[in-house]
There are 2 protein chains.
Amino acid sequence: MLRNYQGMRTLVTGGLGFIGSNLTIRLAELGARVTVIDSSVPGCGADEANLKPVRDSVTVLHRDIADTSALENHIRTADLVFNMAGEVSHTHSMKWPRRDAELNAVAQLRFLEGCARLHPGLRIVYAGTRQVYGRPRYLPVDENHPFCPVDFNGIHKGLAIQYHLLYAQLGKLDAVVLNLTNVYGPRMALWEPCQGFLGVFLRRMLQRQQLQIFGDGSQLRDPLYVDDAVDAFLMAGAAPQLPSRLYNLGGPEALSLQQIAETCSRLAGGPAPALRPFPPDHKQIDIGSYRADWTRIRTELGWQPRTHFTEGISRALLFYQAEPRYRLRLDDPGPTCGVRDELQDPLNLRRAAS
Amino acid sequence: MLRNYQGMRTLVTGGLGFIGSNLTIRLAELGARVTVIDSSVPGCGADEANLKPVRDSVTVLHRDIADTSALENHIRTADLVFNMAGEVSHTHSMKWPRRDAELNAVAQLRFLEGCARLHPGLRIVYAGTRQVYGRPRYLPVDENHPFCPVDFNGIHKGLAIQYHLLYAQLGKLDAVVLNLTNVYGPRMALWEPCQGFLGVFLRRMLQRQQLQIFGDGSQLRDPLYVDDAVDAFLMAGAAPQLPSRLYNLGGPEALSLQQIAETCSRLAGGPAPALRPFPPDHKQIDIGSYRADWTRIRTELGWQPRTHFTEGISRALLFYQAEPRYRLRLDDPGPTCGVRDELQDPLNLRRAAS
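Residues numbered from 1 in each chain as written. Chains lettered and ligands numbered in written order. Predicted model: local features only at pLDDT ≥ 70, side-chain atom pairs only at ≥ 80, totals over all residues.

Enquirer: Hey, could you run me through the overall build of chain A in this one?
Expert: Along its length, chain A carries 13 helices and 13 strands. Computed over its C-alpha atoms, the radius of gyration of chain A comes to 19 Å, within 12% of the 20 Å expected for a compact globule of 354 residues. C-alpha extents for chain A along the principal axes are approximately 55 × 50 × 45 Å. A burial count over chain A gives 53% of its 354 residues as buried. Intrachain contacts of chain A at a sequence separation of at least 6 include 83% that bridge at least 24 residues. (Helix = DSSP H or I, 4+ residues; strand = E, 2+ residues; numbered from the N terminus. Rg over C-alpha atoms; globule rule 2.2 N^0.38 Å. Buried ≥ 20, exposed ≤ 12 C-beta atoms within 10 Å, placed from the backbone. Contact = placed C-beta atoms within 7 Å.)

Enquirer: Just checking my understanding: could you explain the sheet that holds strand β5 (residues 123-129) of chain A for this structure?
Expert: Adjacent strands of a sheet form backbone hydrogen bonds with each other and so pair up, either parallel or antiparallel. Residues and elements named next belong to chain A. Strand order in this open sheet of seven strands is β3-β2-β1-β4-β5-β6-β11, and the pairing throughout is parallel. In this open sheet, the two strands that pair with only one neighbour each are β3 (59-61) and β11 (246-248). Direction aside, the axes of adjacent strands within the sheet are offset by 20 degrees on average. Of the pairings in the sheet, the one linking strand β1 (residues 9-13) to strand β2 (residues 33-37) comprises five bridges and is parallel in character. Within β2, the residue paired with V12 across the bridge is V36. (Pairing = 2+ DSSP bridges. Axes fitted to C-alpha atoms, helices over the stretch in contact; angles between N-to-C directions.)

Enquirer: Whenever I open this one, the pairing of strand β6 (residues 174-180) of chain A confuses me. Can you help?
Expert: Two faces belong to every sheet, and in a regular strand the side chains alternate between them. Residue and element names in this part refer to chain A. Summarising burial for β6: six of the seven residues are buried, a large majority. Here β5 pairs with β6 via seven bridges, running parallel. Each residue of the ladder has a partner; that of T129, found in β6, is L180. Since β5 and β6 lie parallel, the crossover through helix α5 (residues 152-169) that links them has a hand, and here it is right-handed. Judged from the three bridges that link them, β6 and β11 form a sheet pairing that is parallel. Bridge pairing in β11 links V177 to L246. (Right-handed = clockwise from strand over helix to strand, strands pointing away.)

Enquirer: In this structure, what is going on with helix α8 (residues 257-268) of chain B? I would like to understand it.
Expert: Side chains three or four residues apart in an α-helix point the same way, a direct result of the helix having 3.6 residues per turn. All names here are of chain B. Between its terminal C-alpha atoms α8 stretches 16 Å, which fits the 16 Å expected from 12 residues at 1.5 Å a residue. Considered for burial, the residues of α8 that qualify are L257, I260, A261, C264 and A268. Burial along α8 is one-sided: seen end-on, the buried residues are contained in an arc of 95 degrees. Its buried side turned inward, α8 meets α6 (197-206), β8 (212-214), β9 (220-221), β12 (255-256) and α11 (309-321). Positive backbone phi, at 70 degrees, marks G269, one or two positions downstream of α8. (Expected span 1.5 Å × (residues − 1). Arc of directions from axis to C-beta.)

Enquirer: Just to check I follow, could you spell out unusual backbone geometry for this structure?
Expert: For residues that are not glycine, phi is negative in most cases, and the peptide bond is trans in most cases. Between A:L139 and A:P140 the backbone carries a cis peptide bond, its omega angle lying at -10 degrees. By the secondary structure assignment, A:P140 is in the loop between β5 and α5. Phi is positive for B:R187, close to 75 degrees, though the residue is something other than glycine. Tracing the backbone through its elements, the reader meets B:R187 in the loop between β7 (183-184) and α6.

Enquirer: Just to check I follow, could you spell out the sheet that holds strand β5 (residues 123-129) of chain B for this structure?
Expert: Residues and elements named next belong to chain B. Read across the open sheet, the seven strands follow the order β3-β2-β1-β4-β5-β6-β11; overall the sheet is parallel. Each edge of the sheet is formed by a strand with only one pairing partner; in this case those strands are β3 (59-61) and β11 (246-248). Taken pair by pair, the neighbouring strands of this sheet meet at an average axis angle of 20 degrees, ignoring direction. The strands touched by helix α5 (residues 152-169) are β5, β6 (174-180) and β11; relative to β6, the strand with the most contacts, the crossing angle is about 150 degrees.

Enquirer: In this structure, what is going on with the environment of B:D174? I would like to understand it.
Expert: Residues and elements named next belong to chain B. Mapping D174 onto the fold places it in strand β6. Accessibility expressed as a C-beta count within 10 Å gives 18 for D174, which makes it partly exposed. Through-space distance from the C-alpha of D174 to that of H164 is 8.8 Å; in sequence the pair is 10 residues apart. If we skip the residues at most four places from it in the chain, D174 touches G121, L122, R123 and A168.

Structure, rendered in structure tokens:
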């Protein structure tokens, strides 16, 4: 099925970011004609260097996805959209909820409005998140689990998911949502302090610092290697028909944070991990244990995760060790989570309202 | 408990609208010092004449709730906020989703941010809606029913509810949400074509036109008389402690649309109601039957609905017949649902984004 991508005109929003760039590289390798749309909002992980392997075969537009008038021709002529743009940090969202609303919700609504107007029926594969389920009421978490997010990022990603589902239900767009769990691998923005615990672990592994676990280490996670996530996006993009509009992705195994940290420490050759009490800002939005039920996407689209954590984290570590730019950037991290005060209101809503 | 309102400084957002004005009048009668905040967004039902009975004892600020800097002193000194501002029309939201997002979600987030900053711990009683539950998975619908809205209005009201619940959970505001079902009574904006079927029924009753029912008339609704809804807001505002943060309100009985229309037709002395096929724009967002389970608020706060439909609709009809302004306005309805093109983007997001 993936050979369908030969010559296919695909748009990748957020294509300079972690998952978006890995997807873009795969698409280019499959012979697709890829256009990346990325406005490089500070703090969201965009990095031009991520596309180094395909620099000559991919077009990059430095545009906000909300500005669909500037994207008109691209949207009209696209065969397929992978909608990966967004802010992923939960802690950012708690500090700057309105910024998160703009980036994850209002911009998505504008983008979908534009796509529905310019190209009715266009297929859009959207990167959702398990965070919308909040603290799981049961494990593993399937797609019928209620949306009960515990932070602004989860709330706004949940809103964007609902937008996609509504446009699909109204027959205006052929939208489908993949809810991601902790994705890890090459091209994460390790210099950003607020990009999830696996990014923090990888950074500390590279710097040979002790890993720290918040809480007692018993919480479960099902880390998903980025190549497996990319496979799921490609399969959802290429499926002739979509039996469902929402699919959960998960890793091949559920591991405790203690197990994950021990594996990482052994690979990095560093000291054993330490348990630490939860910092208050993390405790507030912690979700406890999580494991996805990915039966639906396996049954309906034939996807399953293939990369076990020990293999995946080793490959990631090898990637980062071979890339000097990570060492340089880690030595000089940006300002608070990469977001400066003047950038908290990217659409200048305050001015518009006053 | 309600005698606590004597001298209490209360803010009522959306206090020129249907439920907000009924609440404001009751508060003034109870001796509260009421300040109404209402920017009279076209299409949302605001009407200065609604506050005629208390014109001399209530302060009205013509302000957007999002503009909290202009409301700073009022928020700092308030004892209590009734947060009734919003757009209620589902059909408006489907035509202008971004307008609905601004009015129901972004403005609410700004308002809550401002309240949490200026007056930590302030109690805010928010007017939610049963529309967030979407097509019920079971009846009666309790507060554990998942949020599965089927239109933009339900999505954005659901978002505003989540904002309130999150601020409460974080301990920043003493917020509580009451999810309303079809509320009816005096002071509805009957001249607006998109304010719900009971508004349409009342308009046609006043004009002695035949009532029309979409579908086969078997769908259930549990209409709630506005005085009963106001009682619930007053009780939630005055409760010393709030055992829960989300309460469903409902009427005392579930009636089919056919039963409701027949009662209305008999009272108005008009012809028997007619069944009509659903117009496509209504069918898309129809939710089937609904009946609220209001056990939680009865048990925890002692509220229950008292006004049966026949009595409530009679009182409403008598109110409208005695008010010549309704007859005048009904003879000259506004433009499409009261919303002109230039008003669809009230915060001028398009200019800000370009």
